[in-house]
Structure formats: C-alpha cells, structure tokens
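# Observations on the model geometry
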Amino acid sequence: MDRRDVLRAAAALPLLRAALPGPASAQTYPARNITMIVPFPAGGQADLAARPVAMALERILGKAVIVDNRAGGGGGSVGNAAAARAEPDGYTLLMTLSSLAVLPEADRLFDRPAAYEVSQFMPIARVLADPTLLAVPASAPWKTAQDFVEDAKKRPGQITYASSGPYGTLHVAMEMFASSAGIKLLHVPFRGAGPALTAILGGTVQAIAAAPGTLKPQVDDGKLRVLGNCGAQRIASFPDVPTFQELGYKDVEMYIWAGLFAQSSLPAPIATRLREAMAQVMTSPDVLKAFETSGSLVAYQDAPAFAEFVATDSKRLIAAVKKIGKVE
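Residues numbered from 1 in each chain as written. Predicted model: local features only at pLDDT ≥ 70, side-chain atom pairs only at ≥ 80, totals over all residues. Heavy atoms only, no water.

## Points about the overall build of the protein
For the protein, the helix and strand inventory stands at eleven helices and eleven strands. The globule rule puts the C-alpha radius of gyration for 328 residues at 20 Å, and the 22 Å found for the protein is close to it. A principal-axis box enclosing the C-alpha atoms of the protein has dimensions of 90 × 45 × 30 Å. For the protein, the proportion of its 328 residues judged to be buried stands at 53%. Of the contacts formed within the protein by residues at least 6 apart in sequence, a portion of 77% connects residues at least 24 apart. (Helix = DSSP H or I, 4+ residues; strand = E, 2+ residues; numbered from the N terminus. Rg over C-alpha atoms; globule rule 2.2 N^0.38 Å. Buried < 20%, exposed > 50% of the residue type's maximum accessible area, 1.4 Å probe, protein only. Contact = heavy atoms within 4.5 Å.)

## Comments concerning the sheet that holds strand E9 (residues 224–229)
A sheet is described by the order of its strands in space; here five strands give the open sequence E7-E6-E8-E5-E9, paired in mixed fashion. Each edge of the sheet is formed by a strand with only one pairing partner; in this case those strands are strand E7 (186–189) and E9. For this sheet, the mean inter-axis angle between neighbouring strands, taken without regard to orientation, is 30 degrees. Judged from the three bridges that link them, strand E5 (residues 133–137) and strand E8 (residues 207–210) form a sheet pairing that is antiparallel. Bridge pairing in E8 links leucine 133 to alanine 210. Lying over the sheet, helix H7 (residues 193–201) contacts E5, strand E6 (160–163), E8 and E9, oriented at roughly 150 degrees with respect to E8. (Pairing = 2+ DSSP bridges. Axes fitted to C-alpha atoms, helices over the stretch in contact; angles between N-to-C directions.)

## Digging into the environment of alanine 199
Looking at the secondary structure, you find alanine 199 in helix H7. Not counting the four nearest positions on each side in its chain, alanine 199 is found in contact with Phe190, Thr204 and Val205.

## Brief notes about the sheet that holds strand E10 (residues 255–263)
Across the sheet, which stays open at both edges, the six strands sit in the order E2-E1-E3-E10-E4-E11 with mixed pairing between neighbours. Both edges of this open sheet fall to strand E2 (65–69) and strand E11 (298–302), since each of them pairs with a single strand only. Looking at each pair of strands side by side, their axes are set apart by 20 degrees on average, direction ignored. Of the strand pairs in this sheet, strand E4 (residues 121–131) and E10 are connected by nine bridges, and their pairing is antiparallel. Directly across from proline 123, in E10, lies its bridge partner phenylalanine 261.

## Some details on the environment of arginine 191
For arginine 191, the location among the structural elements is in the loop between E7 and H7. Those residues in contact with arginine 191 that lie beyond four places of it in its chain are Pro41, Ala71, Gly72 and Ser164. Within polar-contact distance, the side chain of arginine 191 engages the backbone oxygen of alanine 71 at 3.2 Å. (Polar contact = N/O pair within 3.5 Å; in protein donor to acceptor, adjacent residues only side chain to side chain.)

## A short note on the side chain of histidine 187
Note that histidine 187 resides in strand E7. Of note is the side chain of histidine 187, whose polar atom sits 2.6 Å from the side chain of serine 163. Apart from residues lying up to four places away in sequence, histidine 187 is in contact with Tyr161, Ser163, Gly165, Pro166 and His171.

## Examining unusual backbone geometry
Here the amide bond leading from tyrosine 29 into proline 30 is cis, since omega sits at -5 degrees, within 30 degrees of zero. Within the element layout of this structure, proline 30 appears in the loop between helix H1 (3–19) and strand E1 (34–38). Located in the positive-phi region is aspartate 111, a residue other than glycine, with phi close to 55 degrees. With respect to the helices, strands and loops of the structure, aspartate 111 is situated in the loop between helix H4 (102–109) and E4. Classification of aspartate 111 by relative accessible area gives exposed; the value is 70%. For tyrosine 167, which is not glycine, the phi torsion reads 70 degrees and is therefore positive. Assignment of secondary structure puts tyrosine 167 in the loop between E6 and helix H6 (169–181).

## What to know about the pattern of salt bridges
Counting across every chain of the model gives twelve salt bridges. Arginine 70 is paired through a salt bridge with aspartate 68; the nearest N and O atoms lie 2.5 Å apart. On the basis of relative accessibility, which here comes to 33%, the residue arginine 70 falls in the partly exposed class. Each of Glu105, Arg108 and Glu117 takes part in salt bridges that share partners, so that together they form one network. (Salt bridge = Lys/Arg side-chain N within 4 Å of Asp/Glu carboxyl O.)

Right under this line is the structure:
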C-alpha cells in the first residue's frame, strides 16, 4: 500500500466509525421492534406483569414490544439464559421472577454448569412484588392451614402440590412452608405457573403456592380456596387470609416478584432511556388498573433500589434452596 492509499484509508475511518453500531445508536433507540422474553408460559405472574407493561412501553417508545413466552428448563432457566446471551442493544429484554437468582445455584447443587449467571443481567425496574399464597381446591376438606398441616402429618408424602418447575418460586415457597411446618408433601413440577394452575383446577394435584394475581380469578369464581400467606403482612386482595408468621411458622417469608432486566453490558444511554420509560409505564392508569383488577398491586422500584432488593431477596432464596437440597 503506498502513501496515497494510507491517507485515503485514514480519511475513511471517521465515516466507518459513524456507520458502526455503538453508543451513538442510543440517540435513536429504539429503531426497531423490541422483544420481551417471558421465561414461562402464559397465565403466570411473569406473563401477567409483562403484557400491560409491554403495551405501555409501545406507546412510550413508539415501537412494538413483542412478548415472547419462552418456557422450558424448569423455573424459567431457558428463557433467562436466552436473554443473557442476547446482544446487549436494548432489543431483547427479560421479564422474569425471583427464581432468577435461584436457578444457577440449583445447577451448582447438581454439579452442572449454570445456564446463566445473575451477573449477566442489569436490573431495569421492579414491577410487582407479591407474597406467595397457599391455595387448594374449594372442594378440598381443608378449611384452614392448620387443617392442611394436620392431614399432611398423618399422610406424609401423599398430598401433592404443583409448581412452575424444580427450584422455581412456587417450589421454593411450598418447601419453605413444609419445612417450617414439619410436613412432607409430594412435588409435581410443571413448565410454568399457568400449567400448574391448570393442574390444580383439573384435579391432578391438591395444592399450589402462587401469586395473588394468578389465584384471584379462580377464588372469585369459587374454584379455589386460599389458606395462607407467605408474606410478612396480609394483603388487600385477600384481607382475611392469615400470614404463616401469624400462624406460628416464623421462618416462612416468600415473595414472587416480577421485574424487567437487560444485559449487564447494555450501553448506559439505552439503560437510562428504558428506566425513564418504565417510570412512565408504572404510573400509567391502564397499567395500574390492569394490575389492580388482577389482585396484584404495582410495586415499582427503579434500577438502584431494585438491584439492592434483588441482592437481599436472593440471599434468602439461595439459603432456602441449599436447605431443600437435591430434588428431581
């Protein structure tokens, strides 16, 4: 290459840099549709959170936000891992649950490579944070949590319960309760809260721990009965349901929160744009109404507070998983 070729190449460099994707693209974000991965089937807490949020984000950002229910792997691991591997450009987001931090630890229990690590994600906003509730069919003989415990002690391992998958939020909540109550139940895992709910409604299983928004329509229709609340306080949508701590099970505290995440290396300007958009979303009358109707009130946190919350909550959940140990 002679000197003139070198000079021509040098002159072209600024134009080449301008054509390459990079931080400058944040100025025009979003330029195309966004995918919001939900790592569970329709009908569960993550899906309940995602759909009103996606519709509101579309109005604010001016591009379609497509909810992609990518279930599999138990507890949401397949969808979480897919989001972790996606390009950090703001076009693949993740609406997931508190099991996010649990699943890598479950992989390590079995000495297998973790499908992803929590460090691969950047918290954008918390959307919901509900206590898990213990529910049984309305036709079941148990009228109270104490009735349930007394029967389970007489028939260890015979009362079945559904979950969203091994080490998912619903599984951990039920095992936390069972451990505190000194009972043994039979775990029947499904690929999400939606299929688990279908199972209890169809009589395949006898109990479930799930979010208020998932259970409320079925309770209102007279199909399910709620016996206990895993939160520290009673909730407005089920004011007559006692907390397990009220009932003497002091170690039972479990929340099924839903939050929006992106990849940890997302450019700061795009992260800021998403945070600003989510601040508007979580005050949208349509979103507030959708969650209130479902029985799950908004529990918004911006990224810094949400990141701190995730770290604190994850410690409790990981300790619970280690206590559960290996289960298939």
